[in-house]
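Spelled out, the chains give:
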Amino acid sequence: MNLTIHRGTHEIGGTCIELKSDGFRLLLDFGMPLVSEDGGDFFMPRDRDVHQLIEDGLLPSIPGIYDDSGSKDTAVLLSHAHADHSGFLRFLSPSIHVYMSTGTEALMKISSIFPPKAAAPENARTIKAWEEIQIGPFRVTPYLMDHSGPDAMAFLIEAEGKRLFYTGDFRATGRKKVVFENLIKHPPKNVDYLICEGTMLDRQDESPVLEQDL
C-alpha cells in the first residue's frame, strides 16, 4: 500500500491523501485550503481551468482523476462535508464514486445553494459507521466521530497486510463525545499508520468548552 499526502500537513484545510494498491487509487478527502500561503483568507481563482490550477499547485497533480481516464480505478472516502475536506470534489470526474455518510451527503446537498457549489457528487455512495465495506483492494471500516460536521467519520483501511487509521476531524466536547471516549478505550489494534487531525496541538493551555455548556 503506497501512501502519498498531497496536502494538509503544514496548513489548516485542503486535506488530500492518496492510497494506492494493486493499481487502484483511494483518495481520503479532497479539500480546499482555508488560508492562503501568506496566512490570509483563501479565495479560489474563478478564471482558471483544471490544468492551470494544477500548475499553480492548488490541485494535486494526480493523473486520471479530473477526466474519465482513471475513474474506474479511483474512489474517494469523504470524512465529512466541511469545505476544507470536500471543497475540491467538484473538479473530479463525475464518474468517480465518492463514499460518505448519510449526514454528510445531506449537508452537501443543503450547502449547494451557497457558492462555491458543493452539491453531493453524482456518484455518492452511502456508508454506515462500523459497517465494513470493500472498495477495490481496500477493506474499509468507518468509525463515527464527534465533530461539528454531522455524521463525521474516521476510517480504518486495510490492504496488503497493512492497517491505516485516518481520524478525519474530531473533538471530544460535543454531543457525541462518547464515541471519542469509546475510541480511546477501544482503539483499532495493530495499526501500522496513523494519520491524525491536529489543529489544536499548539493550544495545550486552552480549556475547551463543552458544546452543552455553550
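See the structure above.
Treat the numbers as computed from the prediction; the structure is a model and nothing was measured. (Residues numbered from 1 in each chain as written. Predicted model: local features only at pLDDT ≥ 70, side-chain atom pairs only at ≥ 80, totals over all residues. Heavy atoms only, no water.)

Details of the nonpolar core
And step 1. Grouped together as the largest cluster of nonpolar side chains are 25 residues, with contacts concentrated most on Phe-30, Ile-65, Phe-88, Leu-89 and Leu-92.
And step 2. Leaving out residues up to four positions away in the same chain, Phe-30 has contacts with Thr-15, Cys-16, Leu-59, Pro-60, Ile-65, Tyr-66, His-85, Ser-86, Gly-87, Phe-88, Leu-89 and Leu-92.
And step 3. Grouped together as the second largest cluster of nonpolar side chains are 20 residues, Ile-17, Leu-19, Leu-26 and Leu-77 included. (Core = buried A, V, L, I, M, F, W, Y, C linked by side-chain atoms within 4.5 Å. Buried < 20%, exposed > 50% of the residue type's maximum accessible area, 1.4 Å probe, protein only. Contact = heavy atoms within 4.5 Å.)

Examining the sheet that holds strand S4 (residues 74–77)
And step 1. Taken together, the six strands give an open sheet; going across it, the order is S1-S2-S3-S4-S5-S6, and neighbouring strands pair in mixed fashion. Since the sheet does not close on itself, it has two edges, and those belong to strand S1 (2–7) and strand S6 (124–127), each with one partner. Neighbouring strand axes in the sheet, compared pairwise and without regard to direction, differ in orientation by 25 degrees on average.
And step 2. Bridge analysis of strand S2 (residues 16–21) against strand S3 (residues 24–30) gives six bridges, and the strand direction is antiparallel. Directly across from Lys-20, in S3, lies its bridge partner Arg-25. (Pairing = 2+ DSSP bridges. Helix = DSSP H or I, 4+ residues; strand = E, 2+ residues; numbered from the N terminus. Axes fitted to C-alpha atoms, helices over the stretch in contact; angles between N-to-C directions.)

Comments concerning the environment of Gln-134
And step 1. Tracing the sequence through the fold places Gln-134 in strand S7 (residues 133–135).
And step 2. Looking at Gln-134, the relative accessible area reads 49%, which means it is partly exposed.
And step 3. Separated by 130 residues in sequence, Gln-134 and Thr-4 have C-alpha atoms that sit 21 Å apart.
And step 4. Engagement of the side chain of Gln-134 in a polar contact is seen with the backbone oxygen of Gly-136, the distance being 3.1 Å.
And step 5. Of note is the side chain of Gln-134, whose polar atom sits 3.4 Å from the backbone oxygen of Phe-138. (Polar contact = N/O pair within 3.5 Å; in protein donor to acceptor, adjacent residues only side chain to side chain.)

Some details on the state of the cysteines
And step 1. In the structure shown here, the tally under the stated rule is zero disulfides.
And step 2. For Cys-16, which is in no disulfide, the shortest distance to another cysteine sulfur is to Cys-196 and amounts to 18 Å.
And step 3. For Cys-16, a relative accessible area of 3% puts it in the buried group. (Disulfide = S-S within 2.5 Å.)

Quick look at unusual backbone geometry
And step 1. Its identity as a non-glycine residue notwithstanding, Asp-22 has a phi of 55 degrees, on the positive side.
And step 2. Considering the arrangement of structural elements, one finds Asp-22 in the loop between S2 and S3.
And step 3. Even without a glycine there, the phi angle at Asp-151 is positive, about 65 degrees.
And step 4. Counting through the fold element by element, Asp-151 comes out in the loop between strand S8 (138–144) and strand S9 (153–159).

What to know about the sheet that holds strand S11 (residues 193–195)
And step 1. Pairing within the open sheet is mixed, and its five strands lie in the order S7-S8-S9-S10-S11. The open sheet has two edge strands, S7 and S11, and neither has a second partner. On average, adjacent strands in this sheet sit at an angle of 25 degrees to one another, irrespective of strand direction.
And step 2. Pairing analysis gives three bridges linking strand S10 (residues 162–166) to S11, with the strands arranged parallel. Note that in S11 the partner of Leu-164 across the bridge is Tyr-193.

Regarding the side chain of Ser-101
And step 1. Looking at the secondary structure, you find Ser-101 in strand S5 (residues 97–101).
And step 2. A distance of 2.9 Å separates the side chain of Ser-101 from the side chain of Thr-104, its partner in a polar contact.

Observations regarding the pattern of salt bridges
And step 1. This model, assessed by the stated rule, comprises six salt bridges.
And step 2. One salt bridge in this structure joins Arg-48 and Asp-56, with 2.5 Å as the shortest N-O distance.
And step 3. Relative accessible area serves as the criterion here: at 35%, Arg-48 is assigned to the partly exposed category.
And step 4. The shortest N-O distance in the salt bridge between Arg-163 and Glu-158 comes to 2.8 Å.
And step 5. Glu-158 gets classed as buried once you look at its relative accessible area, which sits at 12%. (Salt bridge = Lys/Arg side-chain N within 4 Å of Asp/Glu carboxyl O.)

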